[in-house]
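# Structural overview
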Amino acid sequence: MTITPSRRLQAHHAYGRAVDAFEPVAWRPPTAARFDSHVANDVAPRREPAFSDMADGIPGWLTVVLGGVVAALAGALMGGALHI
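Residues numbered from 1 in each chain as written. Predicted model: local features only at pLDDT ≥ 70, side-chain atom pairs only at ≥ 80, totals over all residues. Heavy atoms only, no water.

Attention shifts here to the overall build of the chain. Summing up its helical and strand segments, the chain has three helices and zero strands in all. In the chain, the succession of α and β elements from N to C terminus is α-α-α. Burial analysis of the chain (84 residues in total) assigns 2% to the buried set. (Helix = DSSP H or I, 4+ residues; strand = E, 2+ residues; numbered from the N terminus. Buried < 20%, exposed > 50% of the residue type's maximum accessible area, 1.4 Å probe, protein only.)

Another point: the pattern of salt bridges. All chains considered together, the criterion is met by one salt bridge. Arg47 is paired through a salt bridge with Asp53; the nearest N and O atoms lie 3.1 Å apart. You can call Arg47 exposed: its relative accessible area is 67%. (Salt bridge = Lys/Arg side-chain N within 4 Å of Asp/Glu carboxyl O.)

Here the focus is a nonpolar patch on the surface. Among the surface-exposed residues, Trp61, Val65, Val69 and Leu73 lie close enough to one another that they form a single nonpolar patch of about 420 Å² accessible area. Assignment of secondary structure puts Leu73 in helix α3 (residues 60-83). Accessibility expressed as a relative area gives 53% for Leu73, which makes it exposed. (Patch = residues over 30% accessible without salt bridge, like charges linked within 9 Å, V, L, I, M, F, W, Y side chains within 5 Å. Areas by Shrake-Rupley, 256 points an atom, 1.4 Å probe, with all protein chains shown as cover.)

It is worth spelling out α3 at this point. Taking 1.5 Å per residue as the helical rise, α3 with its 24 residues ought to reach 34 Å, and the 35 Å between its terminal C-alpha atoms agrees with that figure. Sparse coverage of α3 is indicated by the burial of zero of its 24 residues. (Expected span 1.5 Å × (residues − 1).)

On average, the chain scores 77 in pLDDT, and the residues at 70 or more come to 64%. At the low end of the mean pLDDT range in the chain sits helix α1 (residues 5-15), at 73; at the high end sits α3, at 94. (pLDDT = per-residue confidence, 0-100.)

Dropping the structure here:
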C-alpha cells in the first residue's frame, strides 16, 4: 500500500503522526476467562504432612543414638573451650 501525500496528510490529522495510522491496532491479548488456570498434569490436592506424622516413622532407638551423639559433640566442644 503506497502512501500518497493526501493520505499522509489525512493520517497526520487523524492520528498525529502518519506512521501511527498504519500500525496494527486491532489485536489485543485474549481475556483470562478463556483459559483454564490449572496445570495440565495437576493432581488432586493432598494434605501436607504434619510434624507428628513425620515423627511417627522414626524408630525410638534412633532418637536415643542421635541424642547421645549431640551430647558427646556438645561435651567435646565445651571441653575444648574450657581447655583454652
